[in-house]
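# Observations on the model geometry
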Amino acid sequence: MPVVGISQPGGTYHLIELACPAEIPLRDVDPGQFVEISVPGRKFMLRRPISICDIDEQKNHLLLLVDAVGEGTRLITQVKSGDSLDILFPLGKGFSLPSSSKASPLLVGGGVGIAPMLYLARSIYRHSGEKPKVLLGAKNAAYLKGIADRFSEFSQLYLCTDDGTLGKKGFVTDHEIWQQKHSYVYVCGPKPMMKSVAHKVAGGDACVEFSLENMMACGLGACLCCVEQTVTGNRCVCTEGPVFKLEELTWLKQQ
């Protein structure tokens, strides 16, 4: 896919906009699915898994939020407009949308886990006409400012940072929004954060789904490096996830 835009909204995050060929309509992509990107050059054999951040159906453009934390992702974020990236997509099982416009969903993204929440929020708004609540957390304001504005059109936005430089100071689990009732809760972020959320919502009647960020390689279920232990045994996150319901995971049984 040709790169039509790249920007750095803050921190080590990069937004890469790609033009998808007309014969591949992006309207068929589910929120929560991901892509595998071939690292430019010949040094890396394995692709890098990146969550689908947003989709522009009119332009048939794909937006990815890439955190340049390793050599592979740094090479990916060095592309320029006019370059091309080799993309394998759409992969994995995405989120399930609320069945009712009165579902009162809460979307929770931590760190680069905010990425899949953007397209999910857009999809829920388009599906129900109601703006879902979105809670985003990051280290500091630099990691949120450039991406948070994209949520404002179709969500009720709540922010928190570890150092208090934007929104409420503290973790996402410290936010007072948890005092409200939600029928659906969607979560993506570092595993310790997601486990904390799991324990926070345990015992409630909400439908809770987590998008796991296990280390991946092939993205096709062949290498088995992304396996997650579930109540029904080990399952590949790349093919049977990355989205799992709370009751499928063993987190509540772990100390």
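Residues numbered from 1 in each chain as written. Predicted model: local features only at pLDDT ≥ 70, side-chain atom pairs only at ≥ 80, totals over all residues. Heavy atoms only, no water.

Under an unreviewed UniProt entry, the protein has the name Dihydrdoorotate oxidase B, electron transfer subunit and belongs to Porphyromonas crevioricanis.

### Here we look at the pairing of strand β4 (residues 48-56)
Pairing between strand β3 (residues 34-37) and β4: four bridges, direction antiparallel. Within the sheet, the bridge partner assigned to Glu 36 lies in β4 and is Pro 49. Pairing of β4 with strand β5 (residues 61-67), which is carried by four bridges, proceeds in the antiparallel orientation. By the bridge assignment for β5, Asp 54 is matched with Leu 63. Between β4 and β5, which pair antiparallel one after the other, the connecting turn spans four residues, and Asn 60 there sits at a positive phi close to 60 degrees. (Pairing = 2+ DSSP bridges. Helix = DSSP H or I, 4+ residues; strand = E, 2+ residues; numbered from the N terminus.)

### Details of the pairing of strand β2 (residues 13-19)
Along β2, six of the seven residues are buried, which leaves the element largely enclosed by surrounding structure. In this sheet, β2 lies alongside strand β1 (residues 3-10) in antiparallel orientation, the contact comprising five bridges. Bridge pairing in β2 links Ile 6 to Ile 16. Connecting the antiparallel pair β1 and β2 is a turn made up of two residues, with Gly 11 showing a positive phi of about 60 degrees. Judged from the seven bridges that link them, β2 and β5 form a sheet pairing that is antiparallel. Of the residues in β5, the one forming a bridge with Tyr 13 is Asp 67. (Buried < 20%, exposed > 50% of the residue type's maximum accessible area, 1.4 Å probe, protein only.)

### A few points about the nonpolar core
Counting residues in each nonpolar core, the largest one holds 29 residues, and the members touching the most others are Cys 53, Leu 107, Met 117, Phe 151 and Tyr 186. For this core, the elements supplying multiple residues, two or more each, are β2, β5, α2 (115-128), β8 (133-138), α3 (145-148) and β11 (184-188). Looking at which element gives the most residues to this core, the answer is α2, with six residues. Shared between two domains, this core holds at least three residues of each, these being domain 1 (2-91) and domain 2 (105-211). With residues up to four places along the chain from it excluded, the contact list for Tyr 186 reads Phe 95, Ser 96, Leu 97, Pro 98, Pro 105, Leu 106, Leu 107, Val 108, Met 117, Leu 120, Ile 124 and Glu 209. One finds Leu 91, Val 201, Val 208 and Val 237 within the second-largest nonpolar core, a separate group that totals 28 residues. (Core = buried A, V, L, I, M, F, W, Y, C linked by side-chain atoms within 4.5 Å. Domains from an automatic or database assignment. Contact = heavy atoms within 4.5 Å.)

### Some words on unusual backbone geometry
In this structure, the amide linkage connecting Phe 89 to the following residue, Pro 90, adopts the cis form with an omega of -15 degrees. In this model, Gly 241 is joined to Pro 242 through a cis peptide bond whose omega is 10 degrees. Not every positive phi belongs to a glycine, and Asn 60 is a case in point at roughly 60 degrees. With respect to the element layout, Asn 60 can be found in the loop between β4 and β5.

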